[in-house]
Amino acid sequence: MSFATGFHWVQIPYALLTLFIVLNYGMFMTAIVRKIGARVGGRYGIPVWQNYIDLVKNWSLRSKIHHGVMFYLGPVFRLSGGIGLIMFVPTIYGSVMHQNFAFAGDLVLALYFVFFGTLGMALGAGESGHPYSALGVSRGLAQVTAAELPLALAVYALSLQYQTLSITEIVAAQQGGFLNWTLFTNPIATVAALFALVGTMMRSPFDVVVAPQEIPIGPPTEYHSAYLALMQTNRVIFPIAKTVVYMNLFFGGASSWGEFAIKVFAIYMISVVIGVVHPRFRVEQSIRFFLTWGMPVGVLAILVA
Amino acid sequence: MLAITVLVAWFTFRYGAYDPLQLIFGAIILLGGALIFVASFHVRGQRLGFYPPAMLMYAGLAMLIEAQSSFGFFAAWEILTIGSYFLILRGRESEPHALSYILFSLGGAFAILAGFALASGGVQPFALTALGSVADSAAPYVFILLAAGFMTKTASIGLHIWLPGAHAEAETDVSPMVSGILLKAGLFGLWVLVMQMGRVEFHGLDLTHVLVWIGAQSAFLGGLMAIFQEDAKRLLAYSSISQMGYALFGLALMNHLGWLLALMFVINHYVYKSMLFLAVGGVYHRTHTKLMYKMGGLITVMPFTFVSVLIGIIAMSGVPPLSGFGGRWVFYNAIMSAELRLPMVLIFISGPIGFLYLFRLIHTTFLGQLKDEHRALKEANGWLLAPQMVMVAFLLGFALLPGQVLRRVDAYIGGFFPEGQGLEWSSTGAITSQFGYWNPVAIMAVIGVIFVSVFLILIAKNHDAQKVKQFNIVFSAERPFKPQTTHFAWNFFAPYRKALGFLTMPLVTGFWGALTDALHATAAFTRRFYSGDGQAYALHVLAYVTILYLLAQGAMS
């Protein structure tokens with residue numbers, strides 16, 4: 001079985017190019033999504049370049065403090081997690097330039113690397129000693145265990161279907177018309193995975209972890225200045241990185257940046273559409289939700305696979 | 001010192017004679033045991049009755065992996081049980097737990113004895129390799145008895161209730177011995193069992209499938225119970241149940257990668273569990289508590305212990321780039337050719353659950369708010385730290401070059417299964433299976449470069465950040481001043497308890513408790529015969545001799 005070959009130095013500038021495109025795309029996309037959310041709520045919303053403004057503002061703050069080594073490293077872990085996830089997954093199918101470092105590992109690597117940033121962030125936030133940070137981490141971890149379960153089952157069903165764990169090969173198997181997408185060849189697994197997509201995008205009804213706006217809760221509580229700038233950078237690229245995984249696994253991947261832009265936006269909008277019209281779950285409610293609705297679909301997916 | 005020399009010497013002496021599987025177990029038992037003995041130097045003065053039982057246990061373990069016949073195996077099993085019992089008994093409050101340990105072990109030993117007796121049909125000596133040729137009618141019973149016996153040691157769910165207390169109350173350097181090393185004896189037994197007997201059907205039910213389910217349930221419920229513990233050592237003990245569940249699961253999958261998975265868990269579990277037990281023990285010696293919510297913020301006073309716990313939990317949770325990820329990768333490849341699919345549901349959810357209790361362990365002890373009474377604490381004892389640092393180094397090395405250890409075993413296991421199911425190890429570090437690929441060196445390099453780059457960017461900007469005092473946090477309208485009320489630690493995963501806590505009801509404990517009560521009632525009944533009257537006893541002895549004589553006569557004729 002032939003997999004992507006080894007390493008060449010030219011891959012580094014190529015990977016940086018991928019990162020640059022994803023970063024800017026993410027900056028605009030998340031702003032547009034926020035604007036859509038605002039319009040649904042009857043507000044005008046932010047300008048589409050607001051993310052850049054925030055980034056520059058946080059980056060240039062002059063007062064900055066730290067609580068210790070792990071606190072300092074937390075955002076580094078977080079951003080490395082986001083960038084790494086992009087780097088370990090091929091972004092554009094069939095493009096030599098945007099295979100990134102996918103030769104280092106397969107689907108399993110992508111699934112587990114998601115936790116790298118989470119863990120580092122949680123540790124950093126923990127050292128700040130702020131109880132709200134720890135509270136947010138506790139909620140986030142508790143929720144994600146249940147939310148990721150349907151995805152794990154869907155991925156298992158999928159890898160049985162294609163008999164491979166290589167993302168490139170899974171995408172290759174879906175080429176030749178949209179009816180070859182996993183969405184149509186294995187709709188049950190796709191639905192199961194979408195439970196996880198909605199559950200881990202930190203949007204309502206599953207956003208009690210960071211509880212935006214009304215209470216300053218969650219891991220970022222104590223972070224400011226360049227720390228927050230790093231985390232904001234991650235916040236625009238990480239959802240894209242995760243969506244790319246979903247796109248590759250269930251929606252046929254993308255063979256050009258145009259296709260990439262449309263598909264990522266459309267997939268991301270699933271969680272947005274659900275989010276803007278639903279109130280928030282408490283953590284134990286979302287755990288029960290995933291176990292009573294998400295898990296059975298996933299179980300069905302692995303049984304029929 | 002002598003003990004260490006003996007263990008290492010015995011290992012170097014026997015090194016050549018082991019097959020790769022024995023070699024891995026042997027290395028863990030002997031070299032690993034020697035490493036843990038280094039930690040024993042932290043106790044000053046004499047320790048009466050520590051080294052003899054410890055060496056007895058190791059002797060038993062060393063005999064176990066070399067045993068050829070059922071008698072040798074059983075004798076080794078008994079020796080290690082006795083040794084470990086006295087070791088566990090040394091803990092300050094471990095008496096009831098040691099009792100329940102020895103009860104379960106004895107029960108297990110009887111099951112094993114009965115299993116061997118049934119298998120051999122009275123013929124001695126009975127070679128272990130002859131297990132494969134047991135008559136079909138007896139085979140399932142032999143399998144069940146032996147498996148049940150071995151599973152008392154691996155503390156599979158249902159037979160697990162002795163473990164948390166026994167491991168948690170044992171002494172600091174005993175916990176890693178009984179957790180990191182002793183549990184592997186049961187696994188080794190199971191390994192011999194499935195290796196020799198293969199699949200055995202009992203009324204149409206494949207018994208290895210039952211083992212898969214037991215393994216998956218142990219992995220899930222052990223993890224779930226671990227996240228609700230307030231006691232750090234109990235948390236680790238429950239996590240052992242979960243980890244051994246994984247190993248049992250891998251073993252019972254009965255395919256090439258499943259066995260490799262079990263073996264990776266054997267190695268990894270020894271390293272990180274010993275490391276974490278030593279670390280937590282070191283903390284206990286300083287803070288005099290094992291309750292996590294009574295600690296907090298210890299990172300500043302015990303940085304080395306923190307590093308060892310950090311590496312331990314990253315490795316254990318399976319996050320790349322450390323060695324736990326290798327285990328997960330092999331796991332995914334192993335289940336691709338598994339026959340059962342439903343148990344995966346439990347395994348999939350127990351992965352993230354492991355994440356929960358591990359984060360809790362590190363957060364509530366080392367992060368958060370430092371307590372006033374802990375401000376003057378010192379770093380843990382150097383003798384406790386030394387083996388931990390060796391293990392950290394090993395974990396990093398094993399993460400980078402797993403092939404150095406696993407290659408030969410992989411080839412060895414390949415002898416039991418059809419060709420082409422194993423892994424391909426390339427010289428550049430890439431590892432390829434039938435389904436996927438993985439390159440630990442590349443992963444480590446990519447993550448390292450990204451991490452360092454981002455870190456340098458942050459330093460360039462925030463190198464002049466001001467270090468602030470403990471309570472300098474953004475807190476609306478009030479200024480916190482008591483660590484106890486600011487440290488979020490007790491009942492850390494409250495929502496989880498609300499959603500899934502019902503699964504941790506002590507049903508099994510209740511079952512064994514009821515059984516014990518029934519036994520007591522029976523004992524009270526038989527007490528009427530054992531009345532304490534000398535004449536009655538004399539009558540018993542006479543009756544015994546007579547019956548024995550009659551039986552012997554019958555057997556001879």
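Predicted model only: the values in this text are computed from it and were never measured. (Residues numbered from 1 in each chain as written. Chains lettered and ligands numbered in written order. Predicted model: local features only at pLDDT ≥ 70, side-chain atom pairs only at ≥ 80, totals over all residues. Heavy atoms only, no water.)

**Re the overall build of chain B**
Of the regular secondary structure elements, chain B holds 21 helices and 6 strands. In terms of overall dimensions, chain B has C-alpha extents of about 95 × 60 × 50 Å along its principal axes. Counting the 557 residues in chain B, one finds 59% classified as buried. Put simply, 79% of the contacts in chain B that link residues at least 6 apart link residues at least 24 apart. (Helix = DSSP H or I, 4+ residues; strand = E, 2+ residues; numbered from the N terminus. Buried < 20%, exposed > 50% of the residue type's maximum accessible area, 1.4 Å probe, protein only. Contact = heavy atoms within 4.5 Å.)

**Points about the packing of aromatic side chains**
Per the counting criterion, the structure on display carries 58 aromatic pairs over all chains. Ring geometry for Phe101 of chain A versus Phe103 of chain A: centroids 6.4 Å apart, planes at 80°, classification edge-to-face. In this structure Phe101 of chain A comes out as buried when scored by relative accessible area, which is 9%. With a centroid separation of 6.0 Å and 50° between ring planes, the pair formed by Phe249 of chain B and Phe331 of chain B is classed as tilted. Taken together, the residues Phe249 of chain B in helix α10 (residues 232-252) and Phe331 of chain B in helix α13 (residues 323-335) connect sequence positions 82 residues apart. Under the relative-accessibility criterion, Phe331 of chain B is labelled buried at 3%. Three or more aromatic residues joined by ring pairs form one cluster here, namely Tyr112 and Tyr156 of chain A together with Phe249, Phe325, Trp329, Phe331, Tyr332, Phe348 and Trp438 of chain B. (Phe/Tyr/Trp six-rings, centres within 6.5 Å; stacked < 30°, edge-to-face > 60°.)

**Here's the deal with the environment of Val266 of chain B**
All names here are of chain B. For Val266, the location among the structural elements is in helix α11 (residues 256-287). Under the relative-accessibility criterion, Val266 is labelled buried at 0%. In the structure, Val266 is positioned 19 residues away from Ala247 in sequence and 7.1 Å away in space, judged by C-alpha atoms. Ignoring any residue separated from it by four or fewer positions in sequence, one finds Val266 in contact with Phe25, Ile28, Lys184 and Leu187.

**Description of the pattern of salt bridges**
This structure, assessed with the given rule, holds 11 salt bridges over all chains. The shortest N-O distance in the salt bridge between Lys64 of chain A and Asp464 of chain B comes to 3.4 Å. Of the two residues, Lys64 of chain A sits in the loop between α2 (50-59) and β1 (65-66) while Asp464 of chain B sits in the loop between α17 (440-462) and β6 (466-467), which places them in two different chains. Taking relative accessible area as the criterion, Lys64 of chain A reaches 12% and is therefore assigned buried. (Salt bridge = Lys/Arg side-chain N within 4 Å of Asp/Glu carboxyl O.)

**Here's the deal with unusual backbone geometry**
Residues and elements named next belong to chain A. The omega torsion of the bond from Ser204 to Pro205 falls at 5°, within 30 degrees of zero and hence cis. Looking at where Pro205 falls in the secondary structure, it is placed in the loop between α8 (187-200) and α9 (225-250). Even without a glycine there, the phi angle at Gln163 is positive, about 55°. Judged by its relative accessible area of 39%, Gln163 falls in the partly exposed class.

**Digging into the sheet that holds strand β5 (residues 437-438) of chain B**
Residues and elements named next belong to chain B. The sheet built from 3 strands is open, its strands ordered β3-β4-β5 with antiparallel pairing. Sheet topology places β3 (424-425) and β5 at the edges, where each strand pairs with a single neighbour. Here 2 bridges tie strand β4 (residues 431-432) to β5, and the two strands are oriented antiparallel to one another. Residue pairing across strands places Thr432 opposite Tyr437, the latter belonging to β5. (Pairing = 2+ DSSP bridges.)

**Description of α11 of chain B**
Residues and elements named next belong to chain B. Taking 1.5 Å per residue as the helical rise, α11 with its 32 residues ought to reach 46 Å, and the 46 Å between its terminal C-alpha atoms agrees with that figure. Taking the largest bend as the criterion, α11 deviates by roughly 25°, centred on His269. Burial within α11 is extensive, with 29 of its 32 residues counted as buried. Once α11 finishes, His288 follows within two positions and takes phi at roughly 60°, a positive value. (Expected span 1.5 Å × (residues − 1). Bend = angle between axes of the 7 residues up to and from the residue.)

**As for helix α6 (residues 139-154) of chain B**
Residues and elements named next belong to chain B. A rise of 1.5 Å per residue sets the reference length of α6, with its 16 residues, at 22 Å; its end C-alpha atoms lie 22 Å apart and thus fit the reference within 8%. When you tally the buried positions in α6, you get 12 out of 16 residues, the bulk of the element. Here α6 has its buried residues at Ala139, Pro140, Val142, Phe143, Leu146, Ala147, Gly149, Phe150, Met151, Thr152, Lys153 and Thr154. Where α6 ends, the next residue or the one after it, Ala155, has phi of about 55°, a positive value.

**Focus: the interface of chain A and chain B**
Chain A puts 74 residues into the contact, and the matching count from chain B is 73 residues. Between chain A and chain B, a total of about 7000 Å² is buried, with carbon and sulfur atoms accounting for 76% of that surface. If you look at where chain A meets chain B, you find 2 salt bridges. For Glu284 of chain A, the salt bridge is made with Lys498 of chain B, and the minimal N-O distance between the two is 3.6 Å. In this assembly, chain A and chain B are joined by 23 residue pairs in polar contact (both at pLDDT 80 or more). Elements with a minimum of two residues in the side of chain A that touches chain B: β1, α3 (69-88), α4 (107-127), α5 (131-162), α9 and α11 (283-304) of chain A. No other element matches α5 of chain A, which puts 14 residues into the side of chain A that touches chain B. Per-class residue counts for the side of chain A that touches chain B are 50 nonpolar, 18 polar and 6 charged. By the bridge criterion, 2 bridges tie β1 of chain A to β6 of chain B in an arrangement that is parallel. The residue bridging Ile65 of chain A from the neighbouring strand is Gln466 of chain B, located in β6 of chain B. (Buried area = accessible area lost by both parts, 1.4 Å probe. Polar contact = N/O pair within 3.5 Å; in protein donor to acceptor, adjacent residues only side chain to side chain. Nonpolar A, V, L, I, M, F, W, Y, C, P; charged D, E, K, R; others polar.)

**Quick look at the side chain of Lys35 of chain A**
Residues and elements named next belong to chain A. Topologically, Lys35 is positioned in helix α1 (residues 11-40). One buried charged side chain, Lys35, makes no salt bridge at all; its nearest oppositely charged neighbour is Asp54, positioned 13 Å away. Contact partners of Lys35, with chain neighbours within four places excluded, come to Tyr44, Gly45, Ile46 and Val48. (Lys, Arg positive; Asp, Glu negative; His and termini not counted.)

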